[in-house]
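Geometric and topological summary
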Amino acid sequence: MPLQDVVVQIDVAQPAPRIGLGTPLILAEQVGASTYKEYASLTLLAADFANTTDTYKKAQAIFAQQDRPAKVAVATYETGEPAIALEQHYNRAWHFVLLANDLAADQLDVATLVASKDFKFFAARVSDNAGREALAGKLRTIIFDHNVDGEHLDAAAVGALGSLEVGSITWKFKGGFAGITARYLTEDELTLIEEDNAIAYVFKAGKAQLSDGIDAAGEYIDALHGQDFVKVDMENEVQNALQNAPKVPYDARGISLIEASATTTLQRAFGQGIIAQREDGQPDYKIQALTREQSSAQDRAARIYKGLSFQFALAGAIHRVDPIKGEILI
């Protein structure tokens, strides 16, 4: 189901990194204090993780894709403590987290943390009903049901789709993943998977493709990714305005500067396909900036401006055309 009435919390004091909105993070179980490192190639990663490790195999599936990301991050964690390590590295420049070991208990811990943040994604590979059901309903967890031994659909999908321009695609119908085998499923088998809001890689109409584009809570991945883009981009635009000006006065001049910075993000989101287009061809968003006089004396004294707000309509995507009506005339 589509997102409705989403409130995007903009944090200008601690903006998230503008880069990395498609960068994968692999969580790897390892003895010792948690570490975080980024790798620009599989060769560089192999220096730390042998080609027999699950970490290497996840990264291999990512780097094998045509539109692969520029880098892959790896964070290590002590046995049974993936969420602790993930919390430690949550503000780094990554956006899709994966677990190297696909262990059910670790998946649940990571999914719970990501859901509580309502920012970024967890891509999880499961192979049976129990794996799907354990993660069902988890916001921002993308469940990939794939039972082909040695194949990592979670990593391949993130590697192929996660780094494309935010707003430019829907995840449903996408395929052509290197090293991944599409399955022939019966209608009943696919229905069971879809009832858990999970995604399979299947043949439909003779083409290998993802069966859907939703997370475990039923929200569309592209809509959530677009929400994240607006949050990150606006935080950085407003922060840059504050940093680059000698001074942003608490009057019409300064407020106009902040409003213009936020508008830049909304225009960018429209151009990327996140924000809908009205019938007149204009972007479907509204932005409002309260005047100095409308701000409280307390806020002016504390130099805090709380008067900026906006709303926009998601462009969304068409996933189904039914019915198509026609007539044949004789």
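Residues numbered from 1 in each chain as written. Predicted model: local features only at pLDDT ≥ 70, side-chain atom pairs only at ≥ 80, totals over all residues. Heavy atoms only, no water.

Structural notes on the packing of helix α8 (residues 221-244) against helix α9 (residues 252-271)
- Taken N-terminus to C-terminus, the directions of α8 and α9 make an angle of 150°; their axes are 9 Å apart at the nearest point. When the axes of α8 and α9 are compared, the pair comes out roughly antiparallel. Remark: the crossing between α8 and α9 carries right-handed chirality. In contact with Phe-229, Val-230, Asp-233, Met-234, Glu-237, Val-238 and Ala-241 of α8, α9 contributes Leu-257, Ile-258, Ser-261, Ala-262, Thr-264, Thr-265, Leu-266, Arg-268 and Ala-269. (Axes fitted to C-alpha atoms, helices over the stretch in contact; angles between N-to-C directions. Helix = DSSP H or I, 4+ residues; strand = E, 2+ residues; numbered from the N terminus. Parallel < 35°, antiparallel > 145°, perpendicular 65-115°, else oblique. Left-handed = near helix turned anticlockwise from the far one by under 90°. Contact = heavy atoms within 4.5 Å.)

Observations regarding unusual backbone geometry
- For the bond from Asp-322 to Pro-323, the omega torsion is 0°, close enough to zero to count as cis.
- Looking at where Pro-323 falls in the secondary structure, it is placed in the segment after β10 (308-312).
- The phi angle at Arg-303 is positive, at roughly 60°, despite the residue not being glycine.
- When you line up the elements, Arg-303 lands in the loop between α10 (297-302) and β10.

Details of the pairing of strand β3 (residues 72-77)
- For β3, the tally of buried residues reaches six of six residues, placing the bulk of the element in the interior.
- Burial along β3 is two-sided: the face carrying Val-72, Val-74 and Thr-76 and the face carrying Ala-73, Ala-75 and Tyr-77 are both buried.
- The pairing of strand β1 (residues 24-29) with β3 spans five bridges and is classified as parallel. In the strand pairing of β3, Ile-26 is matched with Val-74. (Buried < 20%, exposed > 50% of the residue type's maximum accessible area, 1.4 Å probe, protein only. Pairing = 2+ DSSP bridges.)

Describing the nonpolar core
- Ranked by internal contacts, the top residues of the largest apolar core, which has 38 residues, are Leu-45, Phe-144, Trp-171, Phe-177, Tyr-201 and Leu-210.
- The biggest single contributor to this core is helix α6 (residues 153-161), with seven residues.
- Setting aside anything within four residues of it in sequence, one finds Trp-171 in contact with Phe-96, Phe-144, Ala-157, Val-158, Leu-161, Gly-162, Leu-210, Asp-212, Gly-213 and Ile-221. (Core = buried A, V, L, I, M, F, W, Y, C linked by side-chain atoms within 4.5 Å.)

Comments concerning the pattern of salt bridges
- Applying the stated rule across the entire model yields 18 salt bridges.
- With a shortest N-O distance of 3.1 Å, Glu-38 and Lys-71 are connected by a salt bridge. Here Glu-38 is found in strand β2 (residues 36-39), whereas its partner Lys-71 is found in the loop between α2 (54-63) and β3, with 33 residues between them in sequence.
- Arg-183 is paired through a salt bridge with Asp-145; the nearest N and O atoms lie 2.8 Å apart. Here Arg-183, found in the loop between α6 and α7 (187-195), pairs with Asp-145, found in strand β6 (residues 141-145); they are 38 residues apart in sequence, far enough to count as distant.
- On the basis of relative accessible area, Arg-183 is assigned to the buried category, the value being 11%.
- On the basis of relative accessibility, which here comes to 3%, the residue Asp-145 falls in the buried class.
- Connected via shared salt-bridge partners are Lys-58, Asp-102, Arg-125 and Asp-154. (Salt bridge = Lys/Arg side-chain N within 4 Å of Asp/Glu carboxyl O.)

Considerations on the packing of α2 against α6
- Running from N to C, α2 and α6 point in directions that differ by 35°, and their axes come no closer than 7 Å. Note that α2 runs across α6; the crossing there is right-handed. Here α2 contributes Lys-58, Ala-61 and Ile-62 to the contact with α6, which in turn contributes Asp-154, Ala-155, Ala-156 and Gly-159.
- Residues belonging to the contact of α2 with α6 are distributed by class as follows: four nonpolar, one polar and two charged. (Nonpolar A, V, L, I, M, F, W, Y, C, P; charged D, E, K, R; others polar.)

Read these as spatial facts, not as claims about activity.
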